[in-house]
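Here is what each chain is made of, one letter per residue.
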Amino acid sequence: MQRITDIQEMQRTADRLRIEGKRIGFVPTMGFLHAGHLDLLRVCREQCDIVVLSVFVNPAQFGKGEDFGRYPRDPDRDEALAASAGCDIVFIPNSEDIYPPDASTRVEVEGLSELWEGRFRPTHFRGVTTVVSLLFHIVKPHCAVFGQKDIQQAVIIRRMVRDLHFDIEIIVAPTRRENDGLAMSSRNTYLAGSGRSDAAVLSRALRLAEQAIAGGERNTAMILAIMHDELAGSPDIKLDYAAVFDAETLEEIIVIDKAPVVIAIAARIGNTRLIDNTIVKGETIES
Ligand code: PAF
């Protein structure tokens, strides 16, 4: 596996691979890889000839007082894990190269970026879409794989790709979970003791919501009440939102009458913020 830190070297390498007719797949990450990231690499491997992983803790997507400083970092371990998952190139740029001091260009998907997560993290998605478009220009992929855990991010990136005519296929890969259902995340390392066991309540609430829909419930107020009841059993969990929304427009749904819909949840345990979701597909709604 090749390690590249220089932006121009990455661009030249991508140009050469394209001339050779290779299909380049890309998995952008902030590192501290876990089994969920390795799933993304495997999905990418199935679709592409060359798999590129980027590791960059993007300062622009952290708000004031968020965890940029303490976000876990271990690039050597990331490299070893990426190699074990069949990655060909790991791209680890420097922050000063990605964002020269006088850089003044930002990419923003208006509207979608202000909903749900955007209400709690107003500058977050602008940071994500800016860095992802920068990385797309550097890595020049044919396809890019994102995790379903960050479903709003994936929807916003699809919209950005459509609006800016990036010739890139966006693939969303399923969320990998711990045995108790907790969605894997690099931020889970912040959880300790009872916080860690409490965290499983998010996925339990989502399962109950899915079961209610499978059982015929279509009124989202009833579905959200079931989720709230489950969360109430874990008083240390501070809910930011639980919501049912359209999988493309992110608009809130009151009565479920078409699929797919997203059931999403965001909560804090101490100073750790967790998000999770499930996508309810047509089969469940039609059954
Ligand atoms: O999902 C992430 O890890 C980040 O938001 C991403 C897409 C790598 C951009 O920094």
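In what follows, the structure referred to is the one given above.
Notes on the structure follow. Computed from a prediction, not measured in an experiment: that's the story for all the values here. (Residues numbered from 1 in each chain as written. Predicted model: local features only at pLDDT ≥ 70, side-chain atom pairs only at ≥ 80, totals over all residues. Heavy atoms only, no water.)

## Description of the site of the ligand
Point 1. Taken together, P28, T29, M30, N58, Q61, V128, V131, V132, F146 and Q153 are the residues near the ligand.
Point 2. Separating an oxygen atom of the ligand from a side-chain N or O atom of Q61 is a distance of 2.6 Å.
Point 3. Between the ligand and Q153, the relevant distance is 2.7 Å, taken from an oxygen atom to a side-chain nitrogen or oxygen of the residue.
Point 4. Computed on the free molecule, the ligand has an accessible area of 290 Å², of which 89% lies beneath the protein chains in the complex.
Point 5. Elements that contribute at least two residues to the shell around the ligand include exactly β2 (24-29) and α6 (124-139).
Point 6. When the residues that make up the shell around the ligand are grouped by side-chain class, the tally is 6 nonpolar, 4 polar and no charged. (Near = heavy atom within 4 Å. Polar contact = N/O pair within 3.5 Å; in protein donor to acceptor, adjacent residues only side chain to side chain. Areas by Shrake-Rupley, 256 points an atom, 1.4 Å probe, with all protein chains shown as cover. Helix = DSSP H or I, 4+ residues; strand = E, 2+ residues; numbered from the N terminus. Nonpolar A, V, L, I, M, F, W, Y, C, P; charged D, E, K, R; others polar.)

## Re the packing of aromatic side chains
Point 1. Counting across every chain of the model gives 8 aromatic pairs.
Point 2. Summarising the aromatic geometry, the rings of F62 and F68 are spaced 5.3 Å apart at their centres and angled 65 degrees between planes, so their arrangement reads as edge-to-face.
Point 3. Centre to centre, the rings of F136 and F166 are 5.4 Å apart; their planes meet at 75 degrees, and the pair counts as edge-to-face. Residue F136 is located in helix α6, and its partner F166 is located in the loop between α7 (151-163) and β6 (169-173); the two are separated by 30 residues in the primary sequence. (Phe/Tyr/Trp six-rings, centres within 6.5 Å; stacked < 30°, edge-to-face > 60°.)

## Considerations on the nonpolar core
Point 1. V52, F91 and F136 are the most contacted members of the largest nonpolar core, which totals 45 residues.
Point 2. For this core, the element with the highest residue contribution is α6, accounting for 8 residues.
Point 3. Formed by 26 residues, the second largest nonpolar core is a distinct cluster that contains A209, I223, A242 and I265. (Core = buried A, V, L, I, M, F, W, Y, C linked by side-chain atoms within 4.5 Å. Buried < 20%, exposed > 50% of the residue type's maximum accessible area, 1.4 Å probe, protein only.)

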